[in-house]
Amino acid sequence: MKFERYGKGIAKGMMVTLKHLFRHPVTVQYPEQRLHTSRRIRGNELVWDNIKCTGCATCAKTCPLGAIQIVTSVNAVENKYKVEKIEVDTGYCIQCGLCVEACPYNALFMGYAYERAKYRRAEVIQTNEALLASKERQPSGYAHPEIAEKLPEQTLLLERIFEEE
Amino acid sequence: MVLSNPGINTLFRAASLPPDWPGGFWWHWLVFTVIILAFVLTLVMGFIWFERRGMGRMQARIGPNRVGPFGLLQPVADAVKVLIKEDIIPAKADRLVHWLAPIVAFTPVLLVFAVVPFQNGALLADLNIGILYVVAVSSVTAVGIFMAGWGSSNKYALLGAMRDIASVVSYEIPVVISIVSVVLIAGSLSLNQIVLAQTLPFILFQPLAFLIFFIGASAEINRAPFDLLEADSEIVAGFHTEYSGMKFALFYLVEYGEALAISAITATIFLGGWRGPWLPPWLWFLIKIGAVFFFMVWIRTTVPRVRIDQLMALAWKFLFPLALINLVITGTEVLVWPEGLPWFLIFVNFAIAAVLILLWSKLFRLGWGRVEVRTIR
Amino acid sequence: MTLRTEPFVLNIGPVHPSTHGVFRMRATLDGEVIVNLEPVFGYLHRGIEKLAEERTYTGVISLTDRLDYLASMSNNLAYVLAVEKLAGISVPERAQYLRVILAELQRIASHLIAVGAFLNDCGAYFTPFLYMFREREKIVDLFEMLSGQRLLYNYMRVGGFNQDIPDEFMPALAKFVDTMPHFIDEYEQLLAQNEILLARAKGVGILPKEPAINVSASGPVLRASGVKWDIRKADPYCLYDRFEFDIPTGTAGDCYDRYRVRVEEMRQSLRILKQAMPQMPSGEIKSEVPHLLRPPIGEAYGRIEAPKGELGFYLVSDNSIAPYRCHIRAPSLLNLTALREMIIGWKVADAIIIFGSIDITMGEVDR
């Protein structure tokens, strides 16, 4: 005569919960402890290199939303484009990274930082010099392997938590 | 070793506190009222903290740890938050009933502790109907809950309150019967005498009664896995939907206060109350209460919820017959050995409990199935 | 004298305490029993099919992410397969192996949420949910290593992938595949034989075989009802015919069977991963595709076995840089057709469980 449903399932389940009581919790106490993000993170801003940029506006054409606005004028003497205004609406941007992949001159990068919240909507729109790289605005390695090599390695949960099997 | 009758045991009599310690009736009453109030309120806060951290650790995360060291002041922060909230009363509510309900629900929780012994003889009133008083008084909470549901003028609150009454009334019966089995062995209704009679804890002699009491008591206080009235899968939050501010805090206190009361009663009648070697007796009492509550938290973390009809089926078809059979068997044992139960009955009782549970798992089906419905378009 | 009762309409509103998104059920109750159910959705309609007509073929990929936002790689894969069928582009073998690996990892991640949310609805107070999320975190970390984002990856492209996998991906994946079965076993031990779960989920919300086929159910819902239909075996795409794996089916078609089918599918996915990882060749990761793709005039339907069911993209092209019409066959929407039949006759608490066991994502239902 086979017996089932007499409480064995509940007892087994309770052993699992008890085992977890003695394991290290997986919580990370932000902001005192932080993890390294991926090297290819598509952080929520764009970093622009105004020396390499030629004003071709391929990024603006590729953007699915039209979040990049580029206004150029022709420098007739040297027969080059001069970028008068480049404006990125970071609030509208969906961080897909298509613009970074599309740039033929490697002049556009995704941002590496992710704590870029602002208090006013107007501050989210970034223009010209505000888009240049600086200490707070590091470029990330998305579509740029040479930058990805220099960034710290990503913290993986697999490495952080050790559990006895 | 023979479990002896309390009348023969003079060793403990000598160490017992006199009933009017420290100096007369009124001082005794005052000291113990203060002790009980401090005990209940502090330990309820401790329980809230313990549950949140314990459940957090079992779920592979840390519980609250920002407010105070180890999050110890988290219940205090909750209390402060709740106190500064606006007290909203629905427009069509019955104001007197709405106002009285938390009070009627909370007072019995405090009253129960009047007969729980913290040490030998250290209780507010050593009533010789101890456990009967506990059962009677704790039923008043159900009235308070129904007043809350009725006074809210909310259809769903009333529904939740009625379900609560149904479950409380259904689970009273197996709980009381299992208490009677313990009383038969101990020979007295007074809680102090029950503890004195436990040279071996009664959980060894009455495993089935312990199980029935624990499940039944968890269902009465609406704790997981029977917390379907406060669950998210129900439509609203049950009888305390329309409460906010301090009144809601009182209901919250009722929930944890009853958990504390049940832990205290379980520790007293099944685990041997304040008895134990080396450590002072009140410390043993606290340790046992903590152990019972840890078990409740453990079950809450692991087990899913039952449905309302499954809840009723569990009470009437599973716990009630088992409680009756246990009572008959215990009565027979006490009849055959009136001077005290011999130790080999421990194994006999465990065997009987195992057989009965296995047998019932075969015969018993939880809840209805699908109802045939005439389609309404 | 009989008591006169009246059924009343209860709104199980768009904002649920449990997960699954903004979905509204208007239930007619007679006492505690549900006698009629009317699902109302559309709260998350964003016009994805219309927006797809205004973006280039590559730009639509970032839109398809947001369909079933919990299984983003699968959506990308279905769309990219449809475009490749339309334009006649072949994909290098390394990219195909990588697609299989990513699709299976995504299946595990999506089923983890499905099972966790189902058990949460049953009342196990967030414990299995948090354990699932701990494991899903490991998968999401791997995806973050590849694409840079944790939820909406936008990683697959027409013709392969734009960026190859970094060196640390394969060792980390191997470690994950080694440790995961132990976790699934532990998880089974937690709740699979739990009596209360059996009492609440076994025999509840039965969808028999014939009605399941008639309402075009697919995915775990169909397989739990006893129909052995899996597109990976029936219409293999992307090298699935090179791997050995079983298709778990249920017998009764109740909530418990759906839950078991999902857990078994996780194990089978691990099996596929173990086979695919050593076989992956080196080589090119993307074939030559123009930046602004103009497929020839025609139509194509590309479908995959997404975690929720059969996800299909029907694309019509008129030789311009954007699709002329993009229609999405969403599995969650079609699985919902069976909801009314399954719920009628049960109680309100069961309604939540049955709804959770179908496992829908509102992004797909409403598009």
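Procedures and definitions
Residues numbered from 1 in each chain as written. Chains lettered and ligands numbered in written order. Predicted model: local features only at pLDDT ≥ 70, side-chain atom pairs only at ≥ 80, totals over all residues. Helix = DSSP H or I, 4+ residues; strand = E, 2+ residues; numbered from the N terminus. Buried ≥ 20, exposed ≤ 12 C-beta atoms within 10 Å, placed from the backbone. Contact = placed C-beta atoms within 7 Å. Rg over C-alpha atoms; globule rule 2.2 N^0.38 Å. Core = buried A, V, L, I, M, F, W, Y, C linked by C-beta atoms within 7 Å. Axes fitted to C-alpha atoms, helices over the stretch in contact; angles between N-to-C directions. Parallel < 35°, antiparallel > 145°, perpendicular 65-115°, else oblique. Left-handed = near helix turned anticlockwise from the far one by under 90°. Nonpolar A, V, L, I, M, F, W, Y, C, P; charged D, E, K, R; others polar. Pairing = 2+ DSSP bridges. pLDDT = per-residue confidence, 0-100. Expected span 1.5 Å × (residues − 1).

## Here we look at the overall build of chain B
Secondary structure assignment for chain B yields 14 helices and 0 strands. Counting over 377 residues, chain B shows a buried share of 43%. If you take every contact in chain B between residues at least 6 apart in sequence, the share linking residues at least 24 apart comes to 79%.

## A closer look at the overall build of chain A
Within chain A, the regular secondary structure consists of 5 helices and 5 strands. A compact globule built from 165 residues would reach a C-alpha radius of gyration of about 15 Å, whereas chain A, at 24 Å, exceeds it by more than 25%. The C-alpha extent of chain A, read off along each of the three principal axes, is 95 × 30 × 30 Å. Counting over 165 residues, chain A shows a buried share of 30%. Looking at chain A alone, contacts between residues at least 24 apart form 78% of all its contacts between residues at least 6 apart.

## Description of the nonpolar core
One finds B:V182, B:L260, C:A78, C:V83, C:I343, C:A351 and C:I354 to be the most contacted residues of the largest nonpolar core, which totals 205 residues. The element contributing the most residues to this core is helix α4 (residues 93–122) of chain C, with 16 residues. Apart from residues lying up to four places away in sequence, C:A78 is in contact with C:G302, C:R303, C:I304, C:A306, C:L311, C:G312 and C:F313. Among the nonpolar cores identified, the runner-up in size contains 23 residues, and A:A67, A:C93, A:L98 and A:C103 belong to it.

## A closer look at the packing of α4(C) against helix α11 (residues 255–279) of chain C
Residue and element names in this part refer to chain C. The interhelical angle for the contact between α4 and α11, taken along N-to-C directions, is 160°, at an axis separation of 9 Å. It follows from the interaxial angle that α4 and α11 lie roughly antiparallel. Taken as a pair, α4 and α11 cross one another with a handedness that is left-handed. For the pair α4 and α11, the contacting residues are Y97, V100, I101, E104, L105, R107, I108, H111, A114, V115 and F118 in the first and Y259, R262, V263, E265, M266, S269, I272, L273, A276, M277 and Q279 in the second. Counted by class, the contact of α4 with α11 contains 15 nonpolar, 3 polar and 4 charged residues.

## Some thoughts on the environment of B:K81
All names here are of chain B. Relative to the assigned elements, K81 resides in helix α3 (residues 74–83). Given 10 C-beta atoms within a 10 Å radius, K81 is considered exposed. Taking the C-alpha atoms as reference points, K81 and W26, separated by 55 residues in sequence, lie 37 Å from one another.

## Examining the interface of chain A and chain B
In many reports, interface size means the accessible area that the parts give up when they come together. Taken together, the 16 residues of chain A in the interface contact 13 residues of chain B. Residue classes in the side of chain A that touches chain B are distributed as 8 nonpolar, 5 polar and 3 charged.

## So, unusual backbone geometry
Phi is positive for B:F70, which is not a glycine, with a value near 60°. If you trace the backbone, B:F70 turns up in the loop between α2 (25–58) and α3. Residue C:R367 is not a glycine yet carries a positive backbone phi of 50°. Relative to the helices and strands, C:R367 resides in the segment after α15 (362–366). Overall, the presence of 22 C-beta atoms within 10 Å leaves C:R367 in the buried class.

## Side note on the pairing of strand β1 (residues 43–48) of chain A
Moving residue by residue along a regular strand, the side chains alternate between the two faces of the sheet. Residue and element names in this part refer to chain A. For β1, a buried count of 5 out of 6 residues is recorded, marking the element as mostly surrounded by other parts of the structure. In this structure, β1 lies alongside strand β4 (residues 108–111), joined through 4 bridges in antiparallel fashion. Residue pairing in the sheet places L46 in a bridge with M110 of β4.

## Some details on the packing of helix α4 (residues 95–112) of chain B against helix α5 (residues 130–138) of chain B
Residues and elements named next belong to chain B. Direction vectors running N to C along α4 and α5 enclose 170°, while the axes themselves pass 9 Å from each other. In terms of axis orientation, α4 runs roughly antiparallel to α5. Residues P108, L111 and V112 of α4 touch α5, and the partners they reach there are V134, V137 and S138. Looking at side-chain class alone, the contact of α4 with α5 contains 5 nonpolar, 1 polar and no charged residues.

## Examining the confidence of the model for chain B
Residues and elements named next belong to chain B. For chain B, the mean per-residue pLDDT works out to 81, and 88% of the residues sit at or above 70. Across chain B, element-level confidence peaks in helix α10 (residues 207–220) with a mean pLDDT of 89 and bottoms out in helix α1 (residues 11–14) with 44. Here residues 1–14 is modelled with pLDDT under 50, and outside its nearest four sequence neighbours on either side it reaches 23 contacts, counting other chains as well. Interface predicted TM-score (ipTM) for the complex: 0.85; the corresponding pTM is 0.88.

## Considering the sheet that holds strand β1 (residues 8–12) of chain C
All names here are of chain C. As summarised here, the arrangement of the 3 strands in space is β1-β2-β3, forming an open sheet in which the pairing is antiparallel. Of all strands in the sheet, those with a lone pairing partner are β1 and β3 (33–40), marking the two edges. Neighbour to neighbour, the strand axes of the sheet diverge by 25° on average, direction disregarded. Two strands pair when backbone bridges link them, and β1 and strand β2 (residues 24–30) are joined in this way by 5 bridges, in the antiparallel orientation. By the bridge assignment, L10 is partnered in β2 with A27.

## Some words on the pairing of strand β6 (residues 298–306) of chain C
Residue and element names in this part refer to chain C. With 9 bridges joining them, β6 and strand β7 (residues 309–317) adopt antiparallel strand pairing. Counted as the bridge partner of E299 is V316 from β7. Counted between consecutive antiparallel strands, the loop separating β6 from β7 contains 2 residues.

## As for the sheet that holds β7(C)
Residues and elements named next belong to chain C. Judged by pairing direction, the sheet is antiparallel, and its 3 strands sit side by side in the order β6-β7-β8 without closing on themselves. A single partner strand is all that each edge strand has here, and the edge strands are β6 and β8 (325–329). In this sheet, neighbouring strand axes are inclined to one another by 15° on average, regardless of whether the strands run parallel or antiparallel. Inspection of the sheet shows β7 paired to β8 by 5 bridges, in the antiparallel sense. Following the sheet pairing, F313 is matched in β8 by I328.

## Structural notes on helix α11 (residues 246–269) of chain B
Spanning 24 residues, α11(B) covers 34 Å between terminal C-alpha atoms, matching the ideal 34 Å at 1.5 Å per step. By the criterion of burial, α11(B) is predominantly enclosed, with 20 of the 24 residues buried.

## Some thoughts on the environment of A:H20
Among the structural elements, A:H20 can be located in helix α1 (residues 8–21). Not counting chain neighbours up to four residues away, the residues in contact with A:H20 comprise B:M58 and B:A60.

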